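As a plain string of letters, each chain reads:
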Amino acid sequence: MDQEHRRLYNALTARDSRFDGVFFVAVTSTGIYCRPICRVKTPKAANCRFFDTPQEAEQAGFRPCLRCRPELAPGNAPVDDAQRIAQLIVQRLEEGQLDDEAGLEAIADQFELSSRQIRRIVQNELGVAPIQLLLTRRLLLAKQLLTETTWPMTDVAFASGFSSLRRFNDAFSRRYRMPPTRLRRKAMDAAATIPERETSTLQLSYRPPYDWTGVLAFLAARALAGVEHVTDRSYSRTVQLGKTKGWIRVTHAKKQHGLVLEFTQSLTPVLPALLSRTRALFDLDARPDVIAKRLRRDARLAPAIRANPGLRVPGAFNGFELGIRAILGQQVTVKGATTIAGRFVEAFGEPIATPLPELNRLTPLPPRIARASVDDIARHGIVAARARSLIAMAKVQGSGALSLDGGAHQNPDETINRLAQLPGIGPWTAHYIAMRALRWPDAFPKEDIAVRKNLGGVTAREAEALSQPWRPWRSYAVMHIWNMAQHPHAAAR
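Below is a short write-up of the structure. (Residues numbered from 1 in each chain as written. Predicted model: local features only at pLDDT ≥ 70, side-chain atom pairs only at ≥ 80, totals over all residues. Heavy atoms only, no water.)

The subject of this paragraph is the overall build of the protein chain. Across its full length, the protein chain carries 23 helices and 9 strands. Looking at the protein chain as a whole, 54% of its 493 residues are labelled buried. Accessible surface computed for the protein chain: about 22,700 Å², of which carbon and sulfur atoms make up 51%. (Helix = DSSP H or I, 4+ residues; strand = E, 2+ residues; numbered from the N terminus. Buried < 20%, exposed > 50% of the residue type's maximum accessible area, 1.4 Å probe, protein only. Areas by Shrake-Rupley, 256 points an atom, 1.4 Å probe, with all protein chains shown as cover.)

Pasting the structure below:
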């Protein structure tokens, strides 16, 4: 078995959704090909063949799986831009930005298509209307709100994504064969003991172990002043999703194997998107058992894996925000980059009032940066080359030509290449953005000084060769390597 086959088989056994659409697996013993997230019994490695596209698998004589339906995999687009359009619509639906027909027309105008073409693309790409794909997620969220909050039933319906209480009651009763009021009774029994507040809390679960202390330390060193605030027990930040604004605080519930998300009531209209982005930021969907089992086979990494099997790769709540941080972190220390980023946020972030004095700014938006001149940015102590990079990234992000959010389901290698084509963004920055913003588990910034030094002073080419056995979990390997020692002269990460 060659290294590429081994890498893909490791990804298959993980059932990690981040690999969905990146490759397809065909099983010689059955003649069927599947997506890597298919829940059938994992085939033997010797019986697997891997393909980049469904077309290649079918040309080789394999037929599609009827359970996982390879035609629905992200990136399997029958026409140019179709998959990207479909995923963009789903993302905007989650974030409450498609409240009426005008939102769909705006997306159609962006791609110079008619709204009828947009609807047809979504149907072809996703198999059903986008709202149907979100139904299960909305119902599960509604169940959690019914049992963990004392919100009125109407608020539960709207917060979980339903347009009316009647639609919510009908969908809930048909799916679960009982009225939502049956679950609500459990929460109402304890209502008298719960004081009314301007915030609510929900629990987000993870697979243990989880390095909460390490995640907080990583985020604290890179926090954007005004936007984020990290203590030894919590992470807080301001939030803007579409036109909705508020703030959140995240703490640890170790005994429950979860994090507790406190959020302002103003964020309830975009609650599904809020939960999704928070899970991405804290890497809550990772499989630490699968990842550690693979990485500890390498003697270089084994001691680090044994010492911290719950390590996570902190993601990004906002992809553009992470892109800003990555560009400003080029060729300076972590502390230096954080100082510069704070000045940038102070200058270009919209003010917001919160009860936490440390949270007073929103993340700068792509349109605001795209309109800025190089001089506008440079006057805040940012070199002209970095200013040009920020403006270029803002323009492609704002136009929809490139998405830096992991939920967009883009091809990671393609996105890395497109990022590297922007002025002032090299392979290191592109891989760092992929590692955190795109949540790509196999990113590897081989040029990183700390990585190369902690591997024994190797060259970038040698680091790339050493990393091959770690695939497809090289992002996690990088985190372990960074933790091996602290180097004050290393490039910011």
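On to the nonpolar core, then. The biggest cluster of nonpolar side chains holds 125 residues, and the ones touching the most others in it are Leu271, Leu274, Phe282 and Ile377. Phe282 has contacts with Tyr210, Trp212, Val215, Leu219, Tyr235, Val250, Leu259 and Arg312, leaving out every residue within four places of it along the chain. Counting residues in each nonpolar core, the second largest holds 7 residues, with Phe24, Tyr33, Phe51 and Ala73 among its members. (Core = buried A, V, L, I, M, F, W, Y, C linked by side-chain atoms within 4.5 Å. Contact = heavy atoms within 4.5 Å.)

Moving on, we come to the sheet that holds strand β5 (residues 199-205). Judged by pairing direction, the sheet is antiparallel, and its 5 strands sit side by side in the order β5-β9-β8-β7-β6 without closing on themselves. In this open sheet, the two strands that pair with only one neighbour each are β5 and β6 (228-230). Within the sheet, the average angular offset between the axes of one strand and its neighbour, ignoring direction, is 25°. Judged from the 6 bridges that link them, strand β8 (residues 244-253) and strand β9 (residues 258-264) form a sheet pairing that is antiparallel. Within the sheet, the bridge partner assigned to His252 lies in β9 and is Leu259. Helix-sheet contacts for helix α11 (residues 271-281) involve β5, β7 (235-241), β8 and β9, and the interaxial angle to β5 is about 50°. (Pairing = 2+ DSSP bridges. Axes fitted to C-alpha atoms, helices over the stretch in contact; angles between N-to-C directions.)

Counting across every chain of the model gives 16 aromatic pairs. Here the aromatic rings of Phe162 and Phe168 are separated by 5.4 Å at their centres, their planes lie at 55°, and the arrangement is tilted. In this structure, Phe162 and Phe168 share a single accessibility class: buried. Ring geometry for Phe444 against Trp470: centres 6.1 Å apart, planes inclined by 70°, an arrangement best described as edge-to-face. Of this pair, Phe444 sits in the loop between α20 (427-436) and α21 (449-454) while Trp470 sits in the loop between α22 (460-467) and α23 (474-484), and the two are 26 residues apart along the sequence. In this structure an aromatic cluster arises from ring pairing among Phe19, Phe23, Phe50, Trp440, Trp473 and Tyr476. Sitting over the ring of Phe218, Arg222 keeps its end group 3.7 Å from the ring centre. (Phe/Tyr/Trp six-rings, centres within 6.5 Å; stacked < 30°, edge-to-face > 60°. Lys NZ or Arg CZ within 6 Å of the ring centre and 35° of its normal.)

Omega for the bond connecting Pro208 with Pro209 falls within 30 degrees of zero, at 0°, which places this linkage in the cis form. Within the element layout of this structure, Pro209 appears in the loop between β5 and α10 (212-221). The step from Arg471 to Pro472 runs through a cis peptide bond, and the omega angle for that step is 10°. Tracing the chain through its elements places Pro472 in the loop between α22 and α23. In this model, His257 sits at a positive phi of 50°, which is unusual for a non-glycine residue. Mapped onto the secondary structure, His257 falls in the loop between β8 and β9. A relative accessible area of 37% means that His257 is categorised as partly exposed. The residue Asp283 is not glycine, and still its phi comes out positive at about 50°. Secondary-structure assignment places Asp283 in the loop between α11 and α12 (288-295).

Before going further, it helps to spend a moment on the side chain of Asp16. As for its placement among the helices and strands, Asp16 is situated in the loop between α1 (3-14) and β1 (24-27). Look at Asp16 and you get buried, because its relative accessible area is 11%. Side chain to side chain, Asp16 and Arg18 meet in a polar contact 2.8 Å long. (Polar contact = N/O pair within 3.5 Å; in protein donor to acceptor, adjacent residues only side chain to side chain.)

This brings us to the packing of helix α19 (residues 412-420) against α20. Their axes nearest at 8 Å, the elements α19 and α20 cross at an angle of 140°. For the element pair α19 / α20, the angle class is oblique. Here α19 and α20 pass one another in a crossing that is right-handed. Taking contact as the criterion, the partners of Ile416, Leu419 and Ala420 in α19 are, on α20, Ala430, His431, Ile433 and Ala434. In terms of residue class, the contact of α19 with α20 is built from 6 nonpolar, 1 polar and no charged. (Parallel < 35°, antiparallel > 145°, perpendicular 65-115°, else oblique. Left-handed = near helix turned anticlockwise from the far one by under 90°. Nonpolar A, V, L, I, M, F, W, Y, C, P; charged D, E, K, R; others polar.)

Moving on to the pattern of salt bridges. Applying the stated rule across the entire model yields 19 salt bridges. The partner of Arg18 in a salt bridge is Asp283, and the shortest N-O contact between them spans 3.9 Å. Placement of Arg18 in the loop between α1 and β1 and of Asp283 in the loop between α11 and α12 is noted, with a sequence separation of 265 residues between them. As a salt-bridge pair, Asp442 and Arg471 come within 2.7 Å of each other at their nearest N and O atoms. With a gap of 29 residues between them, Asp442 in the loop between α20 and α21 and Arg471 in the loop between α22 and α23 connect regions that are remote in the sequence. Neither residue differs from the other here; Asp442 and Arg471 are each classed as buried. (Salt bridge = Lys/Arg side-chain N within 4 Å of Asp/Glu carboxyl O.)

These figures come from the coordinates and say nothing about function on their own.
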